[in-house]
Amino acid sequence: EPQLNVVGDTHGQLADVLWIFYKIGVPSPTNRYLINGDICDRGTHATEIWALLLAFMCVWPEAVSVQRGNHEDRLLNMDFNCGGFYDEVISKYGRVNGTGALVYEKFARLFARLPLATVVDSQIFVVHGGLSRNPAGGFLRLLGASRNRAPEIPAASAYSSAVDLAFVDAMWADPQDAPRVAPNPRGAGLISFGPDVTARFLAENGLGLVIRSHQVPPNNEGYCVMHNGKLITVFSASNYCGLTGNTGAVLVLRPGGTVEPTLHWAPPLERLAEVAIEPPEDAAATPAAVRRGRALQRQNTAGAVENQLKQAEASPKGTSDRAGRLEREVLRGAARLIVERKQALFSYWEECDRLKKGFISQAAWDEGLRVVLGDSIPWKAMGRTLRVDDSLTRDVDYRRFLGRFRVVVVGGMAGGDRWAEELLGRFYGRLLALKGDAGSLEELEGFLGGGDGKVSPADALEAFRWVLGNYITEEQATALLRTLAAHAAPDPSPVGRSIGVFEFLSRLDVCFQHQAGVVKHQGAAGAGTTGTTAGAAVPGKEPSPWARSVLSHLGRLLWMEDAEGSPKAGSARMLEVFRYFDQDKDGLLQREEFAQAVKTLLAEYRESLPDVLAADTASDERISELVSCVDLSGDGLVNYLEFLHAFQPVDRTPGRGLQTDLMEQICTTIWTNKPSLLRTMQILEESGGAGAGAGAGGGGGGE
C-alpha cells in the first residue's frame, strides 16, 4: 500500500540516506519521501544527498518533497561553529573560474524556494523546527504569506514582522515540557513552546499531530513523543557527527493516519557497498507475497549488520575511538574561542605575571580561560590533554600556549607563503645535521657569510642551493629572506641588505621550531590550531621534565634580558653567552664547558627561577642528559646552532615581528566575521550589478 516516509535531519551523512533507501525502499510513486530539512552542514556528503534527491524528483516529481530547515541558509552554511556546506561545495566544485561559488549560489536560490511546512491528509502538520510564538494564532496563514523568501532565514528581533517571526519559529523553535513560550538557549530571539501551544495550534486548524525534527531526541532513539502524544520529533542522522551514539529514525505514515517509526544505525559507506539497493518493484508484475518476502529479507540483513555495528561501537576500541572524536571536537571548539579572544587572554595573563617572566601558575591559567572564555569547556581537563604546564615546575608558559593557536592563510592560487617557512625550517634542520661540515663559529661564519660575517642575498642563495638543492630560484631565495624579515622586530633588516650571520641563524631557528611543531602536532589540536614545541631539539632525545624546564626557563630569560627581546639584540646576547663559556676558543662547547654554562646561568638567574631549578639540582647525571638532548649529532660537543636551538623559545612574542602579529590579527578578524563579510560583498556585488544595468539602459527602468 502507498506510504509517506518522513525523514528528519541528515546533515550530510550520506550513509544514513542510502541505508534508509535499502531498508525502506527507494523513492517511487507508492513509496514517497518527505525530507524535513537540514540536509546541509556538519557532514561532508550533503551535495551527494541533494544530487540523489533531485534526481528522484526529476524521475518521479511526486515521489520526493524537500522542505526547508534552519541549515538551508546561505549564511549559516559559512559559519565556523555549525556550518560546513559552503566549504564542501567549494572544495568539490573548485574555486577556479568561480565554479564552486556559482554552484553554491544555485543552492542558495534553491533554499529560497523550498516549502516551509506540509499538511498531510488534513491530519498531520510537518515542520522542521516548531510552532509560532504569536498568541493570536494564524500560524499557517503567516507561513503562507511568506512568499518572497530569501536564501537567508530572517533574524528574530523586536523589529521583525509577524511573518518573519513565523518563518523563524518554523525553522528554529523547540518543544519544552513547561507551558507557554520561553526563550530558547540556542540563541537570542529564538523560542521554545509548551504543550498548550501545540494543543491550541492543532485545535485551531483541525489537525491531530505535529511532526518536527531539528534536534537529537533526548532519549537518543531517533524519535521522541512529547506534548501528550501530540508532537513527535524525528531525527535521521544516526550516531550524529560520529559522537552522540543516537539511533536514527524515519516515520512511516500510512493511509488512515497510522504513524510507525523505523529505527536504523547506518553502516559506513564501505560496508554499504556490500549490499544492493533494489529498484522499486512493479506491484502489478510482482506478487504481494514475493514483495513481502524480499522486504523481510532486507530487514533481517539490516538487523544483523546493525547489531554488529552496535557491538563494535560498544567495544573498548569503539569507545576509545568515540572518545578521541569527542576530544578533537572539543579541542576544535576551544581553538576557536582562544583565537577569537587571544588578546584578552594575553592581557589577563600578563597582569597575573607580576615579575614578567613569561610564566604563570596553572591556577591563573585556568582562571583566565574561565573569566575570558566562560565555562562551556572543561579547561582543566583541556590543560591535561594539551600538556600546557611544565611537568616539573607546574607553571605555564602562556606566550607559548597562545602561540599554538592562530589563524593562517592556506590554499589559494599560489598555496600561500607557508612553503617559504617550511623550506627555511628544512634548511636549518639540514644545517644541524651537517654539523661536521659547519660546526664551529668560524666555520659557520665562513660557510654563510663568505668571510665578512654578513649574509647577503647572494650568500643566502648560494647556501640555500647548497643545502636544499639547485632547484631554488633567485626569486624563491628572495621570498625566503622576506619570510625571515617577518620574524624580526622591532628593526628588521630590509630584504636586499646584508645581515649578520648569527642574527640570520636566530631567525632561521624560529622558522625551524615552528615547522617542527606543526609536523609533530598536526591533527592533534583540530582545525584552526597549530601546535608548537619549545626547548629541546625536536629530532634529539626526548628531554626529562628537569631538562625541559631548564631549557625553557633559561631560554626565555636569556632572550628577554636585552633590548626588548629583539632578534638582533637577542642573537647578540646568545652569541656573547656562547663565546663567554667557550674557554678554549675553538668555537665549540665541550661537555665540561656546557655543564659550567648551565650551572652558572642557573646560579645567575636564581632569583627568577623556581626552586626546583636551583643550581645544586644540576647533577652530573642531569648535565649528561642535557648534553644528550642538545647534542643532535651525538659527538659530545655543542656547537652554536645546537646551543641557539636549545635555548631559544619558539614564540619570543616581541620578536615574532610586527608584520606577523598584524597579519594574524587581520586573518583572525576576517575569519571571525567571514559569513557577515561574504554576505556584505554579495550585496555590494548585486547592487553594483543592478547599478551597471540601469546605467547601460540610458535612464530606462531597472529590473
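An account of the accompanying structure is given in this report.

Basis of the calculations
- Per chain, the residues get numbers from 1 upward, laid out in the order the sequence is written.
- Predicted model: local features are reported for residues with pLDDT of at least 70 only, side-chain atom pairs are reported and counted for 80 or more only, and whole-chain, interface and lining totals are derived from all residues.
- Water and hydrogen atoms were dropped before computing side-chain values, which therefore reflect all heavy atoms in the structure.
- Where helices and strands are cited, they refer to DSSP runs of H or I of at least four residues and of E of at least two residues respectively, numbered from the N terminus.
- A simple rule labels every residue: compare its accessible area, found with a 1.4 Å probe on the protein chains alone, to the largest value its type can have, and call it buried under 20%, exposed over 50%, or partly exposed in between.
- The criterion used for residue contact is that any of the two residues' heavy atoms lie within 4.5 Å.
- Surface accessibility in these figures is a Shrake-Rupley result with a 1.4 Å probe; residues are shielded only by whichever protein chains are displayed.
- Nonpolar side chains (Val, Leu, Ile, Met, Phe, Trp, Tyr) are joined into patches within 5 Å and like charges within 9 Å, using only residues with over 30% relative accessible area and no salt bridge.
- A pairing counts as a salt bridge when a side-chain nitrogen of Lys or Arg comes within 4 Å of a carboxyl oxygen of Asp or Glu.
- Here, any two strands with at least 2 DSSP bridges between them count as paired.
- Only the stretch in contact is used when fitting a helix axis, every axis being a line fitted to C-alpha atoms; angles between N-to-C directions are given from 0 to 180 degrees.
- We call Phe, Tyr and Trp rings a pair once their centres come within 6.5 Å, taking the six-membered ring for Trp, and we label the pair stacked below 30 degrees between planes, edge-to-face above 60, and tilted otherwise.
- Side-chain atoms alone can form a polar contact between residues adjacent in sequence; in general such a contact is a pair of N or O atoms within 3.5 Å, and within protein one must be able to donate a hydrogen while the other accepts it.
- To estimate how far a helix should extend, the number of its residues minus one is multiplied by 1.5 Å.
- Here the word oblique covers every angle except those under 35 degrees (roughly parallel), over 145 (roughly antiparallel) and from 65 to 115 (roughly perpendicular).
- With the far helix as reference, a near helix turned anticlockwise by less than a right angle produces a left-handed crossing, and one turned clockwise produces a right-handed crossing.
- As a working rule, the residues Ala, Val, Leu, Ile, Met, Phe, Trp, Tyr, Cys and Pro are called nonpolar, Asp, Glu, Lys and Arg charged, and the rest polar, with Gly in that last group.
- In this text, buried Ala, Val, Leu, Ile, Met, Phe, Trp, Tyr and Cys residues form a nonpolar core when linked through side-chain atoms within 4.5 Å.

What follows concerns the overall build of the chain. A tally of helices and strands in the chain yields 26 helices and 17 strands. Out of the 703 residues in the chain, the part that is buried amounts to 50%. Across the chain, contacts joining residues at least 24 apart in sequence account for 70% of those joining residues at least 6 apart. For the chain, the exposed area adds up to about 31900 Å²; of that, 54% sits on carbon and sulfur atoms.

Below, the discussion takes up a nonpolar patch on the surface. On the surface, Ile670, Leu677 and Met681 cluster together to form a nonpolar patch covering roughly 270 Å² of accessible area. Within the secondary structure, Ile670 sits in helix α25 (residues 658–672).

Pairing within the open sheet is mixed, and its five strands lie in the order β3-β2-β1-β12-β13. The two strands at the open ends of the sheet, each matched to only one other strand, are β3 (64–66) and β13 (258–264). For this sheet the average axis-to-axis angle between neighbouring strands, irrespective of direction, equals 20 degrees. Relative to strand β2 (residues 31–35), strand β1 (residues 3–7) runs parallel, the two sharing five bridges. Residue pairing across strands places Asn5 opposite Tyr33, the latter belonging to β2. Docked against the sheet, helix α1 (residues 14–24) engages β1, β2, β12 (248–254) and β13, running at close to 120 degrees with respect to β13. Contacts between helix α2 (residues 46–59) and the sheet are confined to β2 and β3, with β3 contributing the most and set at about 130 degrees to the helix.

As a further point, take the environment of Asn307. Counting through the fold element by element, Asn307 comes out in helix α9 (residues 288–314). For the pair Asn307 and Trp265, spaced 42 residues apart in sequence, the C-alpha separation works out to 8.8 Å.

Moving on, we get to the packing of aromatic side chains. Going through the model one piece at a time under the given rule, you end up with 19 aromatic pairs. Between Phe21 and Phe56 the ring centres are 5.7 Å apart and the planes differ by 80 degrees, which places this aromatic pair in the edge-to-face class. Placement of the pair is Phe21 in helix α1 and Phe56 in helix α2, with a sequence separation of 35 residues. In this structure, Phe21 and Phe56 share a single accessibility class: buried. Plain terms: the ring middles of Trp349 and Phe401 are 5.9 Å apart, the flat faces sit at 70 degrees to each other, and that makes the pair edge-to-face. In this pair, Trp349 is assigned in helix α11 (residues 342–352) and Phe401 in helix α14 (residues 398–403), connecting sequence segments 52 residues apart.

Another point: the side chain of Asp582. Topologically, Asp582 is positioned in the loop between α21 (567–581) and α22 (591–604). One polar contact links the side chain of Asp582 to the main-chain amide nitrogen of Asp586, over a distance of 3.4 Å. Once residues within four sequence positions are removed from consideration, Asp582 is found in contact with Gly587, Leu588, Leu589 and Glu593.

Before going further, it helps to spend a moment on the environment of Asp174. Structurally, Asp174 is set in strand β6 (residues 174–175). By relative accessible area, which is 5% here, Asp174 ends up buried. Each residue touching Asp174, except ones within four places of it in the same chain, is listed here: Asn184, Arg186, Ile191, Ser192, Phe193, Arg212, His214 and Gln215. Looking at Asp174, its side chain comes within polar contact range of the side chain of Arg186, at 2.5 Å.

Now for the pairing of strand β9 (residues 209–212). The alternating pattern of β9 places Leu209 and Ile211 on one face and Val210 and Arg212 on the opposite face, and all of these are buried. Pairing of strand β5 (residues 124–127) with β9 involves three bridges; the strand directions are parallel. Each residue of the ladder has a partner; that of Ile124, found in β9, is Leu209. Summarising the sheet, β9 and strand β11 (residues 231–234) pair through three bridges and their orientation is parallel. The residue bridging Arg212 from the neighbouring strand is Thr233, located in β11.

Because an α-helix completes one turn every 3.6 residues, residues spaced three or four positions apart along the sequence face the same direction. For helix α12 (residues 362–373), built from 12 residues, the straight-helix expectation of 16 Å at 1.5 Å per residue is met to within 8% by its first-to-last C-alpha distance of 16 Å. For α12, the complete set of buried residues consists of Ala364, Trp365, Asp366, Gly368, Leu369, Val372 and Leu373. The first or second residue beyond α12 is Gly374, which carries a positive phi of 95 degrees.

Turning to the packing of α12 against helix α13 (residues 379–386), a few remarks are in order. Angle between the axes and distance between the axes are the two parameters that describe a pair of packed helices. Their axes nearest at 10 Å, the elements α12 and α13 cross at an angle of 125 degrees. The angle between α12 and α13 falls in the class oblique. Considering the relative orientation of α12 and α13, their crossing is right-handed. Residues Trp365, Asp366, Leu369, Arg370 and Leu373 of α12 touch α13, and the partners they reach there are Trp379, Lys380 and Gly383. Classifying every residue of the contact of α12 with α13 gives four nonpolar, one polar and three charged.

This brings us to the environment of Thr672. Structurally, Thr672 is set in helix α25. For Thr672, a relative accessible area of 33% corresponds to the partly exposed category.

Glancing now at the sheet that holds strand β8 (residues 191–193). What the three strands build is an open sheet, ordered β6-β8-β7; its pairing is mixed. The open sheet has two edge strands with one neighbour each: β6 and β7 (181–183). In this sheet, β8 lies alongside β6 in parallel orientation, the contact comprising two bridges. Paired with Pro175 across the two strands is Phe193, which belongs to β8.

Most of β2 sits out of view: four of its five residues are buried. One ladder, built from three bridges, connects β2 with β3; its direction is parallel. Bridge pairing links Tyr33 to Val64 in β3.

Ranked by size, the top nonpolar core spans 33 residues in total, and within it Phe594, Phe643 and Phe647 carry the most contacts. Listed by contribution, the elements that provide at least two residues to this core are α20 (545–560), α21, α22, α23 (620–630) and α24 (640–647). Per element, the largest residue contribution to this core is seven residues, and it comes from α20. Those residues in contact with Phe594 that lie beyond four places of it in its chain are Leu589, Leu626, Val627, Val630, Val638, Phe643 and Phe647.

Let's shift gears to helix α6 (residues 162–172). Extensive coverage of α6 is indicated by the burial of eight of its 11 residues. Leu165, Ala166, Phe167, Val168, Asp169, Ala170, Met171 and Trp172 are the residues of α6 that are buried.

Attention shifts here to unusual backbone geometry. Its identity as a non-glycine residue notwithstanding, Arg42 has a phi of 75 degrees, on the positive side. You will see that Arg180, though not glycine, has its phi angle at about 65 degrees, which is positive. The residue Arg180 is located in the loop between β6 and β7 in this model.

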